Amino acid sequence: MGEVQPPDHPAVVIPTADVPPSVAVLSGAWEGTWSNGAKSVLVVYRLEKGKARLLHAFGEGDNLLAWHEWARPTVVPGDKPRLEWKNDWSSVAFELSPATGELSGELREFSRDGGGKTWRVVMRHRNIERVAPEKVKAPLVCPELARELRLIEEESDQKRRTLLVDALMGRAKQGGTPLTEPGATAGTTCATFIYRGEAREVGISGDMNGWSEQKELLFRLPGMDLFYYCGEYPADSRIEYNLVIDGTAGLDPFNPRVSLFNRKSNSEVPMPGYRPPPEVEPAPVAARGTVEEIAIVSKQPGMSRTATVYLPVGYAGSAERYPVLYLNDAFGALKFGSMINVLDNLIRRRVVPPLIAVLLPSVGDRMVEYSMNPRFESFVVEAVVPAVDRRYRTRPSPEFRAVGGISAGATAALSLAINHPDLFGKCMAQSTATKLAPLIKLARSGPKAPIRVYLDVGRFESDYHGKDLVEASHRIRDALVAHGCPVHLREVNEGHGWRNWRARMGEALEFLFASLSAMERGE
């Protein structure tokens, strides 16, 4: 299909007889180049009367890496049949011209200021294998569930069928969902997600499918109000997800485990081999540092803010000077990342030397501020670091100063460190997620002096809202290593969230600061 390589997708199914021939021709694969120069492939893999399911994949460009989305558009019949859908940032429509056999597309961008741009494309049909509905590969069903479903399906009496479903749900309620059992492949777990209730359609959205609410549906047991979905995952993985009931995403009602993420909550499932990090628990009282606030004033309008500062145990009674860690996303790090507990425990266990941590909140639009923004970077360089050095007993040189962040905050941290190696000799970037193409380009240009960089990413983030954060992290690592930077890249079987990031904090800070501990001990 040309230059654009879409991710794996379901087989393209031949439309059923109730789909008019004029509409059925929408089925299959289409490819074209948009008015902004971006290339994309549209795979309409299931087409039914009035609705469809598709994958829309974009190729890599100058400012964006490859990405994709799953959608279930409305199908509008007529002389020129149409596919229409909306996502969080745009509305999309494709219209078929019977005269030319071309598919004309329009993407209207939404923007926070009410503006936005419109892009257009002409797509042409490409040959792709299509299969009959009965030839579609059967979905995965975990072995234990398969046995129970077989008993239910073979039972002719409706009351006894209901009793069997009740027994299955009793097991689910007692232990919580999903139900887990050993997978068919060594080192994997087979998980069954279950929903019972009146619903037209139940989907699942989570780490395992790029948080798409359109990609995967739970299967309904014929004649019953039971829905199920099975997946096989690494035995040490941890997954966050939502169930999507008739288009509304929410927590799994049968799963008592909840993970907080900013203003929303997700259901959580640690697989049997997952081990939570001990350092997120409160340290003994005698090992706890102190926390205070510092107002940082900027000459730039709208940039002043109050930062939270962690001081290690013993700071007040000593004359020592300390290394400093600057962290973006102060609110999340404190509320969801258990950052104070983590620092207390790592210092108590001598994983890292006693250090000062400055937790810096964003002001205004976080995505704008953390998108390699020169105003934000100059604020940190000209206002934040000097204010901290004036007020606290810091060791004011690059080898004792680190900057870090998660997601968009990781992008900001990397940009700061690469652009200002005279200020920051160390950087921690977890799940770097925004401005990926420009950031990789910056990394390839290289810092003026080598910086020590810790990167981590969850393997489930190879599809994070359609972007491959794993590949991006590999590119960033390779670019920095080529410039002589010591880089450690860690991949884990988790997704994009604070419980992943805080679990990696010990490894990150040990890589960045352990050499200082050894230096202090004279090793």
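These numbers were taken from a predicted model, which means no experiment stands behind them.

Student: Outline the sheet that holds strand E24 (residues 324-328), supporting the account with residue identities and numerical values.
Tutor: Here eight strands make up an open sheet; going across it, the order is E22-E23-E25-E24-E26-E27-E28-E29 and the pairing mixed. Whereas interior strands pair on both sides, the edge strands pair on one side only; in this sheet they are strand E22 (290-296) and strand E29 (487-492). Across the sheet, the axes of successive neighbouring strands diverge by a mean angle of 15 degrees, strand direction being ignored. The pairing of E24 with strand E25 (residues 356-360) spans five bridges and is classified as parallel. If you follow valine 324 over to E25, its bridge partner there is isoleucine 356. Here helix H5 (residues 339-348) sits on the sheet and contacts E22, strand E23 (305-311), E24 and E25; the angle it forms with E23, its principal contact strand, is near 30 degrees.

Student: Describe in detail the layout of surface pockets, supporting the description with residues and values.
Tutor: Approximately 1,300 Å³ is the volume attributed to the second largest pocket. If you go around the second largest pocket, you meet 36 residues; those closest to its centre are Pro10, Arg53, Lys215, Glu216 and Phe219. Only strand E3 (39-48), strand E4 (51-58), strand E15 (216-217), strand E16 (219-220) and strand E17 (226-234) provide two or more residues apiece to the lining of the second largest pocket. Considered class by class, the residues forming the lining of the second largest pocket number 21 nonpolar, three polar and twelve charged.

Student: Break down the sheet that holds strand E13 (residues 188-196) for me, with residues and values.
Tutor: Note on sheets: strands pair through backbone hydrogen bonds, and any given pair is parallel or antiparallel. If you walk across this open sheet you meet the four strands as E12-E13-E17-E16, and the pairing is antiparallel. One side of each edge strand has no neighbouring strand; the edge strands of this open sheet are strand E12 (179-182) and E16. In this structure, E13 lies alongside E17, joined through nine bridges in antiparallel fashion. Looking at the pairing, isoleucine 194 lines up with tyrosine 228 of E17. Along the sheet, helix H3 (residues 158-175) contacts E12, E13 and E17; its crossing angle with E13, the most-contacted strand, is approximately 120 degrees.

Student: Let's hear about unusual backbone geometry: which residues, and what values?
Tutor: Omega for the peptide link from threonine 177 to proline 178 comes to -5 degrees, which places this bond in the cis form. By secondary structure assignment, the location of proline 178 is in the loop between H3 and E12. Located in the positive-phi region is aspartate 246, a residue other than glycine, with phi close to 50 degrees. Relative to the helices and strands, aspartate 246 resides in the loop between strand E18 (238-245) and strand E19 (248-250). The exposure class assigned to aspartate 246 is partly exposed, which follows from its relative accessible area of 30%.

Student: Please give an account of helix H2 (residues 143-154) that cites residues and values.
Tutor: Compared with an ideal rise of 1.5 Å per residue, which puts twelve residues at 16 Å, H2 spans 17 Å between its outermost C-alpha atoms and is within 8% of the ideal. Looking at H2, one finds that the buried residues are Leu145, Ala146, Glu148, Leu149 and Ile152. Taken end-on, H2 shows its buried residues confined to a sector of 165 degrees, consistent with a single buried face. Exposed positions of H2 whose direction lies more than 90 degrees from the buried face are Leu151 and Glu154. Residues of H2 that are buried sit in contact with H3, E12, E13 and E17.

Student: Explain the pattern of salt bridges to me, using residue names and the numbers behind them.
Tutor: Note that side chains of opposite charge can pair when their charged atoms are close. For the structure on display, the rule yields 28 salt bridges. In this structure, glutamate 60 and arginine 475 form a salt bridge, with 2.9 Å as the shortest nitrogen-oxygen distance. A residue pair is termed long-range when its members are at least 10 positions apart, and glutamate 60 in the loop between E4 and strand E5 (67-71) and arginine 475 in helix H10 (residues 469-481) qualify at 415 residues. A residue is classified by how much of its surface remains accessible, and glutamate 60, at 46% relative accessible area, is partly exposed. Residue arginine 475 is classed as buried on the basis of its relative accessible area of 19%. A salt bridge links arginine 305 to glutamate 369; the shortest N-O distance between them is 2.7 Å. Taken together, the residues arginine 305 in strand E23 and glutamate 369 in helix H6 (residues 366-369) connect sequence positions 64 residues apart. There is no split in this pair, since arginine 305 and glutamate 369 are both buried. What you see here is one network of salt bridges that share partners, running through Arg238, Glu240, Glu268, Glu494, Arg499 and Arg504.

Reading the values: the criteria
- Residues numbered from 1 in each chain as written.
- Predicted model: local features only at pLDDT ≥ 70, side-chain atom pairs only at ≥ 80, totals over all residues.
- Heavy atoms only, no water.
- Pairing = 2+ DSSP bridges.
- Helix = DSSP H or I, 4+ residues; strand = E, 2+ residues; numbered from the N terminus.
- Axes fitted to C-alpha atoms, helices over the stretch in contact; angles between N-to-C directions.
- Contact = heavy atoms within 4.5 Å.
- 1 Å grid on protein atoms, 1.4 Å probe; cavity = no way out; pocket = protein on both sides within 12 Å on 5 of 7 lines; lining within 4 Å.
- Points joined across faces, edges and corners; volume = space filled by probe spheres on them.
- Nonpolar A, V, L, I, M, F, W, Y, C, P; charged D, E, K, R; others polar.
- Buried < 20%, exposed > 50% of the residue type's maximum accessible area, 1.4 Å probe, protein only.
- Expected span 1.5 Å × (residues − 1).
- Arc of directions from axis to C-beta.
- Salt bridge = Lys/Arg side-chain N within 4 Å of Asp/Glu carboxyl O.

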